Amino acid sequence: MEKVIKILESLKSGVDFKTAEGIVTNKIIDSIDIASLISSLEDEFDVEIGMEYMENENFDSAEAIWEMIQELQDE
Amino acid sequence: MSITSAYFVFFLFLLFLLFYLCPVRHRWLVLLAGSVCFYLVAGAIRFLPFLVFTSGVVWICARQIGRCYEALDEKLKAEGLDRTAKKALREQYRKKARRLLCLALILCIGLLCVTKFTKYAVRYLNLAAAALCGRAPFHAEWVIVPLGISYYTFSVVGYLLDVYWKRYSYEPDFLRFFLYAIYFPHIVQGPISRYSLLGQELKKELRFDSRRIAFGMELMLWGFFKKLVIADRLNQFVSAVYNGQSQAGSIYIVAILFDAFQIYTDFSGYTDIVRGASQIFGVELEQNFNHPFFSKTVPEYWRRWHMSLGGWFKDYVYYPCTISHFMKRLNKWAKNTLSERGSRFTAVVFPVFVTWVLTGLWHGTGKTYLCWGIYYSTLITISAAFQPEFEALTKLLRIRTETFSWQLFRMLRTFCCFMGGRLLTRPGSLFNTRRVIWNIFHNLCPWCLTDGTIFQFGLDWPQLCLLAVSILVLWAVSMMQERFSVREALERQNIVFRWIIIFTAIFSILIFGIYGQGYDASAFMYEAF
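Residues numbered from 1 in each chain as written. Chains lettered and ligands numbered in written order. Predicted model: local features only at pLDDT ≥ 70, side-chain atom pairs only at ≥ 80, totals over all residues. Heavy atoms only, no water.

**Observations regarding the overall build of chain A**
Part 1 of the argument: Of the regular secondary structure elements, chain A holds 4 helices and 0 strands.
Part 2 of the argument: The principal-axis extents of the C-alpha atoms in chain A amount to approximately 35 × 20 × 20 Å.
Part 3 of the argument: Residues counted as buried form 49% of the 75 residues belonging to chain A.
Part 4 of the argument: Taking the contacts inside chain A whose residues are at least 6 apart along the sequence as the reference set, 48% of them involve residues at least 24 apart.
Part 5 of the argument: Approximately 3700 Å² of chain A is accessible, and the part contributed by carbon and sulfur atoms is 39%.
Part 6 of the argument: Between the averaged position of the 5 positive side-chain charges in chain A and that of its 20 negative side-chain charges there is a distance of 10 Å. (Helix = DSSP H or I, 4+ residues; strand = E, 2+ residues; numbered from the N terminus. Buried < 20%, exposed > 50% of the residue type's maximum accessible area, 1.4 Å probe, protein only. Contact = heavy atoms within 4.5 Å. Areas by Shrake-Rupley, 256 points an atom, 1.4 Å probe, with all protein chains shown as cover. Lys, Arg positive; Asp, Glu negative; His and termini not counted. Charge placed at Lys NZ, Arg CZ, Asp CG, Glu CD.)

Right under this line is the structure:
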C-alpha cells in the first residue's frame, strides 16, 4: 500500500493519497496520469494490468489500486 | 425527417400515445417499432440491412464470447486443477474469444471504413490513373453511407468489447439488443450510448411520470431554441462567408467566432432535443455536453465536449493503446535509457497521437481532419509534458492563479485553441484555411465591421442584435446550469411565472427561429459524421 501511495505522489504532488477518494472520478488524476501510473505499477509489482481492470473504480483510491494489485498477484 | 421538423413533433406525439396506451411490459416493443419507423423515414429502407447486419454480427459474436467464458468458469470449478493448468485453460478460452472478437471487429469496422473511405480512396486512385493513363476508371457512385453508421457502429462495438473484457454479461435477447442499437433518439447523431447504461434504461419499467415528461419537454424546448434561434441564424452568416469569395480578415475573424458558437449550439441543441424526447419515454440518455466553453484547459475541454465520443475513444482506443505490448516494451526501453521525465513523455505521446488521429478520421476522411487530429494530439501532449514548466512560469511571473482574471484568461485561451481546430476543418480545405489566415494577417480591414460590409452576409443589424441577445441568454442559462438544475428551479416557481417562461420560449422559437422550406430547418452539422 505504501508503495502505491509513493507512486501516486510522484504523479501528483499536494494530494493526500492516504485518505483521498474518487481520485479518477473527481479528476484528481486524468487519463494521461493513468498511463504513467499503469507503467509504474506493472514495474513495481511485476503484474500485468489487462483491459478488464481498466475501470474507474479500480483506480479511484490508493486502497482500490492496492486491492486490484493483490487480485492480480493472486491470479 | 429532421428532428426539428413538424413531422418529428407529430411522430413523437403519436408514439407518446401508443407508448402509454400499451401495457408497461410491452412498451419497449412500441419503442422498437417506433425506432424502426423513424429510421426508415429519416433515412431510407436501403440503410436498414446495414444496421441489422452490424448489430446481428455483434450480438452473435458477443453471445458466443459470453458462452465461451461461461464454459471456462464451469471448467475452472472442476477440482484437481493446479495453477498452471488453470492458466493454460484460461489462455485456451481467451484465444477462442479473441478470434470471435476479431471477426466481429473486422466485419463491423470494415463495413464502416468501406462506407466512409471508399469515395476518398477512389478520388485519389482516379487522380493517379489519370496521371498514368489519362482516364479515371474507378467509380464510387455505388457507395452509400447509411444514416448514423458511425454512431451505431461505435455503440455496438463498445458493447462487444465490454463483453470481451468481462465488464458485464451478454444480452441474450436480440430484439432487446437491436432496440439499443436503433433507439431513435440516439441513432442519427448520438450520444454514443454505453450498453451498461442505455441497455439497462431500456429494460426498466417505463412508467408514466408527469414530472419527468414535463422536464423532457422543457429540455427539448431549450434544444430547439439553441438550434433554430442561434445555430441556424449563425449558419447564414458563416456559410455565406466561407462559401463566397475571399473576404477581409476582420470578416473571417467574426466568422470563426460565430462558427464556434454555431457548432456548439447546433450539436448541443440536437443533444438536448433527443435527450428531452427520450426522457418523455422514461429513458435517460447520457449527457454529451457540459458547458465546454467554461473549460480552462484543452484536455478539460474534451471532457466536456461530445463527451460520449471522448469517453468512447478513451476507453476503447486510448487505454488499450496504453496497456498494449508495444507500449509496454516502449515504456521499458524509455525507463532504461531516458530520464524519468522522458519516460513519462513516451508513455503519453503515442497513445494520445493514435487516439486523436483516429478521432480526426472519425469526423472526416480528408487531410483537414488528419491535421485536426495531429493538432489536438500536439496540444494535449504539450500540456501534459510541459506541465512542470508551465507551473514554474506561473510562479516566476507571480500570477495569482486563484483570481477570476486568471481563470477567465485560461477559458479564453482554451476557446482560442478550439477556434484554431475549427479553422483547420470549417473552411473546407487546407488551401482555404491558408487563405483565411493570410487574409487575417495581410488584409485585416477592420473598418469592414463598421462600414456596412458585415451586413452583406445574410444578417442585418436587427438580426445581429437578436443574435447577441440570444447568446446572452445562452450564457446566462449556462452559468445557472453550472450551479444548479434550471428545470428544478423553474418547477419550484409559481405556476404563472413558470408558464410565462415556457410560453416565452415557445414563441421565441416560433417567431425568431430560422425555418427553411416546409418548416424544416437546415441539417445538423454532426449528422454528416
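**What about the confidence of the model for chain B?**
Part 1 of the argument: Summing up the model confidence of chain B, the mean pLDDT is 89 and the portion of residues at 70 or higher is 97%.
Part 2 of the argument: Summarising per-element confidence for chain B, the mean pLDDT is lowest in helix α13 (residues 325–337) of chain B (83) and highest in helix α6 (residues 174–182) of chain B (95). (pLDDT = per-residue confidence, 0-100.)

**Some remarks on the packing of aromatic side chains**
Residues and elements named next belong to chain B.
Part 1 of the argument: Taken as a whole and assessed by the stated rule, the structure comprises 61 aromatic pairs over all chains.
Part 2 of the argument: Consider the rings of Tyr 264 and Trp 305, whose centres lie 6.1 Å apart with planes at 40°: the pair is tilted. Within this pair, whereas Tyr 264 is found in helix α10 (residues 249–280), its partner Trp 305 is found in the loop between α11 (298–304) and α12 (307–322), the two being separated by 41 residues in sequence. Take Tyr 264 and Trp 305: they sit in the same class, and that class is buried. (Phe/Tyr/Trp six-rings, centres within 6.5 Å; stacked < 30°, edge-to-face > 60°.)

**Re the pattern of salt bridges**
All names here are of chain B.
Part 1 of the argument: Scanning the model with the defined rule gives 19 salt bridges over all chains in all.
Part 2 of the argument: A salt bridge links Glu 284 to Arg 275; its shortest N-O distance comes to 3.7 Å.
Part 3 of the argument: On the basis of relative accessibility, which here comes to 36%, the residue Glu 284 falls in the partly exposed class.
Part 4 of the argument: A salt bridge links Arg 304 to Glu 482; its shortest N-O distance comes to 3.5 Å. Residue Arg 304 is located in helix α11, and its partner Glu 482 is located in helix α19 (residues 461–483); the two are separated by 178 residues in the primary sequence.
Part 5 of the argument: Given a relative accessible area of 35%, Glu 482 falls into the partly exposed group.
Part 6 of the argument: Salt bridges sharing partners connect three or more residues here, namely Lys 227, Asp 232 and Asp 266. (Salt bridge = Lys/Arg side-chain N within 4 Å of Asp/Glu carboxyl O.)

**Notes on the packing of α13(B) against helix α14 (residues 340–363) of chain B**
All names here are of chain B.
Part 1 of the argument: It is the contact of α13 with α14, at a shortest axis distance of 8 Å, that shows an interaxial angle of 155°. In terms of their interaxial angle, α13 and α14 are classed as roughly antiparallel. Two packed elements cross with a definite hand, and for α13 against α14 that hand is right-handed. For the pair α13 and α14, contact is made by Phe 326, Met 327, Leu 330, Asn 331, Ala 334 and Lys 335 and by Ser 343, Thr 346, Ala 347, Phe 350 and Pro 351, respectively.
Part 2 of the argument: Here the contact of α13 with α14 is built from residues that sort into 7 nonpolar, 3 polar and 1 charged. (Axes fitted to C-alpha atoms, helices over the stretch in contact; angles between N-to-C directions. Parallel < 35°, antiparallel > 145°, perpendicular 65-115°, else oblique. Left-handed = near helix turned anticlockwise from the far one by under 90°. Nonpolar A, V, L, I, M, F, W, Y, C, P; charged D, E, K, R; others polar.)

**A look at the interface of chain A and chain B**
Part 1 of the argument: The interface is formed by 25 residues belonging to chain A together with 24 residues belonging to chain B.
Part 2 of the argument: On the chain A side of the contact with chain B, Ile32(A), Met51(A) and Glu52(A) bury the most area, a combined 30% of that side's loss.
Part 3 of the argument: Viewed at the interface, chain B and chain A are joined by 2 salt bridges.
Part 4 of the argument: Here chain A is connected to chain B by 4 residue pairs in polar contact (both at pLDDT 80 or more).
Part 5 of the argument: Examining the composition of the side of chain A that touches chain B, we find that 11 residues originate from one element, helix α2 (residues 31–45) of chain A, more than from any other. (Buried area = accessible area lost by both parts, 1.4 Å probe. Polar contact = N/O pair within 3.5 Å; in protein donor to acceptor, adjacent residues only side chain to side chain.)

**Here's the deal with the domain arrangement of chain B**
All names here are of chain B.
Part 1 of the argument: Partitioning chain B into structural domains gives domain 1 (6–204), domain 2 (209–289 + 444–529) and domain 3 (295–426).
Part 2 of the argument: Between the C-alpha centres of domain 1 and domain 3 there is a distance of 29 Å.
Part 3 of the argument: Counting from both sides, the interface comprises 17 residues of domain 1 and, opposite them, 14 residues of domain 3.
Part 4 of the argument: When the two sides are added together, the surface that domain 1 and domain 3 hide from each other amounts to roughly 1400 Å², 62% of it contributed by carbon and sulfur.
Part 5 of the argument: On the surface where domain 1 and domain 3 come into contact, there are 1 salt bridge.
Part 6 of the argument: Asp 315 serves as the salt-bridge partner of Arg 194, at 3.0 Å between the closest nitrogen and oxygen.
Part 7 of the argument: Summed over the shared surface of domain 1 and domain 3, the number is 8 residue pairs in polar contact (both at pLDDT 80 or more).
Part 8 of the argument: Put simply, the parts of the chain that give the side of domain 1 that touches domain 3 at least two residues each are α4 (83–133) and α5 (149–164).
Part 9 of the argument: Sort the elements by how many residues they give to the side of domain 1 that touches domain 3 and α5 lands first, with 8 residues. (Domains from an automatic or database assignment.)

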